[in-house]
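Commentary on secondary and tertiary structure
Below, each chain spelled out in residue letters.
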Amino acid sequence: MVKARKYVVIKQFNGPPKRDDFDIVEEELSNTLQKDEILVKTEWISVDPYLRIYGLRYPIPYDQFSYQVGIVEESRHPKFPVGTRVVSHKGWRDYTIMDPNKGDSMFDRVYKLPPLNDLSESLGIGAVGMPGATAYFGFLELCQPKAGETVAVTGAAGAVGSIVGQIAKIKGCRVIGFAGSDDKVKWLENDLGFDKAFNYKTVDVTAALKQAAPKGIDCYFDNVGGEISSLILNQMNEFGRVAVCGSISSYNENPNEVPKATILQPTLVFKQLKVEGFIVWRWFDRWSEAFAELVGWIASGKLKTPEHVTEGFENLFDAFSGMLSGDNFGKAVVKV
Ligand code: NDP
């Protein structure tokens, strides 16, 4: 009989998540698989910012969801034989029985790891997974970048932002990134090819943009929201496009106390900006299209996919907490 371990959220997060908001629970899995079921051993687990806020919709206690990559150890599904690698949203657990045919919501879908040409399977929860699709579709579909345009990206050193900036370079744009440390700034400029990067914690954002982009910003990929986004919107050109991907700067705020927003309407009107929020699942049926192109860019050396790897199932909380406070250069993943 397989005993699975899983993380259960036992206290609603209040401010930054704490270790004792979670419990690790053992669960006995059935010895007998039903028709079409597979037993999957988890290899890689993702820690992402949305885990901080999506849980608010569930009653406590709930199993911690997230993307994971695993290998099929037993199978009664003809299309998922033993040894197949699968991506699922089964969360922070080390063994799972799942049925790939079941699952109506995006959360429940189980799919085969896309072809990776010998790249690390961990990419299935990163650049060739949900964050990669987010960068690809969010940026290309909503910002519609053109060669020669100037693109600003916040959260630039993270999973999504680091890919957005590199896709912008591939498309012939000039790219300006904002991240939370001087080391990240150097890394973005020297290793990832950003034209300019700034530490948003120490710089005057408006002055920095006036110096780095004297002709203004055409596209803004917004990962963080808050004050910095207002400042960037004010430096945009007429008919600029803004993809609103996330607002991590407010995820630890009390959702019942809505923070006051800067008045932006005059900027939106007079600059005739197009601002659109999105959720990556909008394009779920096209994810494989993005994955094929992303893998091609990685294989040809045009796209780097740095990962911040934490070893050990028991260190999932530290990986999550560290990602929220900015430890990660690139995608934060946990090797089980
Ligand atoms: P990252 O890998 O970028 O990790 C989070 C990063 O956020 C940290 O490394 C930290 O970097 C930064 N950060 C933390 N607190 C703040 C703050 N107060 N202000 C500014 N930056 C902060 O995560 P992802 O790339 O996975 O996600 C980036 C954003 O995209 C998130 O907002 C997420 O919710 C969103 N997202 C949205 C999706 C969608 O479908 N709309 C899908 C996937 C992600 P630093 O050192 O730079 O501060």
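Here we summarise the structure given alongside this text. (Residues numbered from 1 in each chain as written. Predicted model: local features only at pLDDT ≥ 70, side-chain atom pairs only at ≥ 80, totals over all residues. Heavy atoms only, no water.)

Points about the packing of helix α2 (residues 130-143) against helix α3 (residues 159-170)
Viewed as axis vectors pointing N to C, α2 and α3 meet at an angle of 45°, and their least axial separation amounts to 8 Å. Judged by the inter-axis angle, α2 sits oblique to α3. Seen from above, α2 lies across α3 with right-handed handedness. Here α2 contributes P131, G132, T134, A135, Y136, F139 and L140 to the contact with α3, which in turn contributes A159, V160, I163, V164, I167 and A168. Of the residues in the contact of α2 with α3, the class split is 11 nonpolar, 2 polar and no charged. (Axes fitted to C-alpha atoms, helices over the stretch in contact; angles between N-to-C directions. Helix = DSSP H or I, 4+ residues; strand = E, 2+ residues; numbered from the N terminus. Parallel < 35°, antiparallel > 145°, perpendicular 65-115°, else oblique. Left-handed = near helix turned anticlockwise from the far one by under 90°. Contact = heavy atoms within 4.5 Å. Nonpolar A, V, L, I, M, F, W, Y, C, P; charged D, E, K, R; others polar.)

Let's talk about helix α9 (residues 316-324)
Where α9 is concerned, the buried positions are L316, F317, A319, F320, G322 and M323. Taken together, the buried residues of α9 touch β1 (3-9), β2 (22-28), β3 (38-46), α1 (50-54), β15 (307-311) and β16 (331-335). (Buried < 20%, exposed > 50% of the residue type's maximum accessible area, 1.4 Å probe, protein only.)

Topic: the packing of aromatic side chains
Inspection of the entire model under this criterion finds 30 aromatic pairs. With centroids separated by 6.1 Å and ring planes inclined at 20°, the aromatic side chains of Y50 and F65 adopt a geometry described as stacked. Taken together, the positions of Y50 in helix α1 and F65 in the loop between β4 (62-63) and β5 (68-75) put the pair 15 residues apart, joining distant regions of the chain. Judged by its relative accessible area of 6%, F65 falls in the buried class. (Phe/Tyr/Trp six-rings, centres within 6.5 Å; stacked < 30°, edge-to-face > 60°.)

So, the pairing of strand β9 (residues 150-154)
Burial within β9 is extensive, with 5 of its 5 residues counted as buried. Across 5 bridges, the pairing between β9 and strand β10 (residues 174-179) is parallel. Across the sheet, the residue bridging to V151 is V175, located in β10. In this fold, the crossover linking β9 to β10 by way of α3 has right-handed handedness. (Pairing = 2+ DSSP bridges. Right-handed = clockwise from strand over helix to strand, strands pointing away.)

As for unusual backbone geometry
The step from I60 to P61 runs through a cis peptide bond, and the omega angle for that step is 0°. Checked against the element boundaries, P61 lands in the loop between α1 and β4. In the Ramachandran plot, N117 falls in the positive-phi region, its phi being about 50° despite a non-glycine side chain. Along the polypeptide, N117 turns up in the loop between β8 (111-112) and α2. On the basis of relative accessibility, which here comes to 58%, the residue N117 falls in the exposed class.

Some thoughts on the sheet that holds β4
Reading across the sheet, the 3 strands line up as β2-β1-β4 and stay open at both edges, with antiparallel pairing between neighbours. A strand with exactly one partner marks an edge of an open sheet, and here the two such strands are β2 and β4. Inspection of the sheet shows β1 paired to β2 by 7 bridges, in the antiparallel sense. Paired with Y7 across the strands is I24, a residue of β2.

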